[in-house]
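Breakdown of the fold
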Amino acid sequence: SAFEGGDSSIADMVRHEIAVANGEVIEVDSDSDDDDEADPSITHQDILDLCQRLKVGCMQYGDPQFSLDLSSQLRKFRANLQCEELLNARQTSL
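Thresholds applied
Residues numbered from 1 in each chain as written. Predicted model: local features only at pLDDT ≥ 70, side-chain atom pairs only at ≥ 80, totals over all residues. Heavy atoms only, no water. Helix = DSSP H or I, 4+ residues; strand = E, 2+ residues; numbered from the N terminus. Buried < 20%, exposed > 50% of the residue type's maximum accessible area, 1.4 Å probe, protein only. Expected span 1.5 Å × (residues − 1). Core = buried A, V, L, I, M, F, W, Y, C linked by side-chain atoms within 4.5 Å. Contact = heavy atoms within 4.5 Å. pLDDT = per-residue confidence, 0-100. Axes fitted to C-alpha atoms, helices over the stretch in contact; angles between N-to-C directions. Parallel < 35°, antiparallel > 145°, perpendicular 65-115°, else oblique. Left-handed = near helix turned anticlockwise from the far one by under 90°. Nonpolar A, V, L, I, M, F, W, Y, C, P; charged D, E, K, R; others polar.

A tally of helices and strands in the chain yields three helices and zero strands. Written out in order from the N terminus, the α and β elements of the chain read α-α-α. By the burial criterion, 20% of the 94 residues in the chain qualify as buried.

Moving on, we get to helix H3 (residues 64-88). End to end, H3 covers 36 Å across 25 residues, agreeing with the expected 36 Å (1.5 Å per residue, within 8%). Looking at H3, one finds that the buried residues are Ser-67, Ser-71, Gln-73, Leu-74, Phe-77 and Leu-81.

Here is a general trend for soluble globular proteins: nonpolar side chains tend to be buried in one another's company. Membership of the largest hydrophobic core is limited to 11 residues, which are Ile-10, Val-14, Ile-18, Ile-42, Ile-47, Leu-48, Leu-50, Cys-51, Leu-74, Phe-77 and Leu-81. Listing elements by their share of this core, those giving two or more residues are helix H1 (6-21), helix H2 (44-60) and H3. The element that contributes the greatest number of residues to this core is H2, accounting for four residues. Residues contacting Ile-18, with those up to four places away along its chain left out, are Leu-70, Gln-73 and Leu-74.

Looking at the chain, pLDDT values average 74 and 70% of them are 70 or higher. Across the chain, H3 holds the top mean pLDDT of 84, while H1 sits lowest at 77.

What follows deals with the packing of H2 against H3. The relative placement of two packed helices comes down to the angle between their axes together with the axis-to-axis distance. Relative to each other, H2 and H3 sit at 165°, their axes nearing to 9 Å. Considering the angle they form, H2 stands roughly antiparallel to H3. In this structure, H2 crosses over H3, and the sense of that crossing is left-handed. Here His-44, Gln-45, Ile-47, Leu-48, Cys-51, Gln-52, Leu-54, Lys-55, Cys-58 and Met-59 of H2 lie close against H3, whose contacting residues are Ser-67, Leu-68, Leu-70, Ser-71, Leu-74, Phe-77, Arg-78, Leu-81, Gln-82, Glu-84 and Glu-85. When grouped by side-chain class, the residues that make up the contact of H2 with H3 number 11 nonpolar, six polar and four charged.

Between its first and last C-alpha, H2 extends 25 Å over 17 residues, near the 24 Å set by a 1.5 Å rise per residue. Phi for Gly-62, located one or two positions after H2, is positive at around 90°.

Here is the structure:
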């Protein structure tokens, strides 16, 4: 895998983000400055690609209702990432 920690750690991160979005987990800011910056080895595009792979996997394997629920959450998560990416994009001149 191209990601440090492998697909498993990315899947754990996605599950955590879904739990946060569902209000199942409350994020608490830590006093550590180490957590202020995102891991540069994982880009927004990497996460968007992983969400797409998970969506396809959901449709191929597992319980249909669970797959539909997870696919729906992944779609919301991807939309949130894409919105954040657009808000932080800089316009360049040609």
